[in-house]
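# Fold and geometry: a report
So you can see what is in the structure, the chains are spelled out below.
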Amino acid sequence: MKIWDEVYAHAREKCNICRCCPTCNGLACRGETPGPGGKGSGSAFVRNVEMLSKVFITMDTITSNEEVDTHADFFGHQVSMPVYAAPISGIRQNYGADMDDLVYTEELVKGCIDAGTIAFTGDGMYDDMFKGPLEILKKQQGYGVPTIKPWAKEHMKWRMDLAAEVNALAIASDIDASGLTNLRKSVTPVGFKTVEDLKELKQMSHVPFILKGIMSVKGAMKALEAGVDGIIVSNHGGRVLDNCLSGIEVLEDIVKAVDGRMKVFVDGGIRSGNDVFKALAFGADGVLIGRSISHAVIGDGAQGVKIYLDKIQLELKEAMAMAGCKRIEEINKEHITVKW
């Protein structure tokens, strides 16, 4: 059985752009877009990882001897843990790996299912960049979450209709891509959405509708007004805006404002089960992981994904055990200390 270090070493051999640094923290790849880095100075990507390192888990070892259970709920579907794969595309362009995006998606989806959890799949400026991943989800009875760019309404509608046809578990839209210059000038341009626009999109969706790219209480309240079922607190891995806060910094205020009226997920710089624990302690319903899971796919396909997610689950279990938590819902702010 391979261990994660072996999978990561294989990824390093296969990547001609991404350096697969010992710690994936954005320092070596500042400003490398295309590439794996953050936009501009790269500070937003770096901050994602840095601010998580300033959160510390509080030990509590006087507790009962029950087995720790990491299972969670994703809109009525049980998962092995509240950890999901973020939507990523452009594997050749951004990592320098000789891997087609469809092959990448197929391995990603299978690896997540094998590990008992769910992959969010991607979208792109050409229709096939959405249709291809959707065919992969169709083979898996829709077990995944297609993510749609914020295109004009008619281009979002046919994508949502196709997602419904394959019985996707939910539909997401990474609305934080609305300001990307290359996509605003693409063959199918993206655009910003108003609350009224989002209400229309929600009505088109017959499954839970999730917005990715919320980074403020004000944004969360607009999403709530639009009636969406969940949000992902995310700065797009630091790739859409330089000099912005990290998701973990704004998460608690957003969770408090939402007050259980919709699900709140978070991504950005999560690299370990301890990081997952920290996000859950701030009130997140779950986390998404991007770059590290991409390394897992590049390193060893679906098996690499399962090895990585099994590692995350073990680390999460160990963190929960040492903090005196037996179930996911027991994790709260009392179990961490923040030093920022």
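See the structure shown above.
Definitions and cut-offs
Residues numbered from 1 in each chain as written. Predicted model: local features only at pLDDT ≥ 70, side-chain atom pairs only at ≥ 80, totals over all residues. Heavy atoms only, no water. Pairing = 2+ DSSP bridges. Helix = DSSP H or I, 4+ residues; strand = E, 2+ residues; numbered from the N terminus. Contact = heavy atoms within 4.5 Å. Axes fitted to C-alpha atoms, helices over the stretch in contact; angles between N-to-C directions. Buried < 20%, exposed > 50% of the residue type's maximum accessible area, 1.4 Å probe, protein only. Right-handed = clockwise from strand over helix to strand, strands pointing away. 1 Å grid on protein atoms, 1.4 Å probe; cavity = no way out; pocket = protein on both sides within 12 Å on 5 of 7 lines; lining within 4 Å. Points joined across faces, edges and corners; volume = space filled by probe spheres on them. Nonpolar A, V, L, I, M, F, W, Y, C, P; charged D, E, K, R; others polar.

Read across the sheet, eight strands follow the order E4-E11-E10-E9-E8-E7-E6-E5 without closing on themselves; strand pairing throughout is parallel. Both edges of this open sheet fall to strand E4 (83-85) and strand E5 (120-121), since each of them pairs with a single strand only. Sitting on the sheet, helix H12 (residues 291-322) touches E4 and strand E11 (286-289), and the angle it makes with E11 is about 150°.

Every second residue of strand E6 (residues 145-148) is oriented toward a common face, with Val145 and Thr147 on one face and Pro146 and Ile148 on the other, all of them buried. Alignment of E5 against E6, held across two bridges, turns out to be parallel. In the sheet register, Thr121 faces E6, and the bridge partner there is Pro146. For the crossover that starts at E5, traverses helix H5 (residues 128-139) and ends in the parallel E6, the hand is right-handed. Pairing geometry for E6 and strand E7 (residues 171-174), over two bridges, is parallel. The partner of Ile148 across the bridge, within E7, is Ser173. Regarding topology, helix H6 (residues 153-165) serves as the crossover connection from E6 to the parallel E7, and that connection is right-handed.

This next bit is on the layout of surface pockets. Of the voids in this model, the largest pocket is the one considered here, and its volume is about 1,000 Å³. Contributing to the lining of the largest pocket are 41 residues, with Ser89, Asn94, Leu180, His236 and Arg239 lying nearest its centre. Looking at the lining of the largest pocket, the elements with two or more residues in it are helix H3 (91-95), helix H7 (181-184) and E11. In the lining of the largest pocket, the residues fall into 14 nonpolar, 17 polar and ten charged. If you trace the second largest pocket, you find 25 residues lining it, with Ile175, Asp176, Ser178, Phe192 and Gly213 closest to the centre. Of all the secondary structure elements, the ones that give two or more residues to the lining of the second largest pocket are helix H8 (195-204), strand E8 (209-214) and helix H9 (217-226). Per-element accounting of the lining of the second largest pocket gives the leading share, four residues, to H9.

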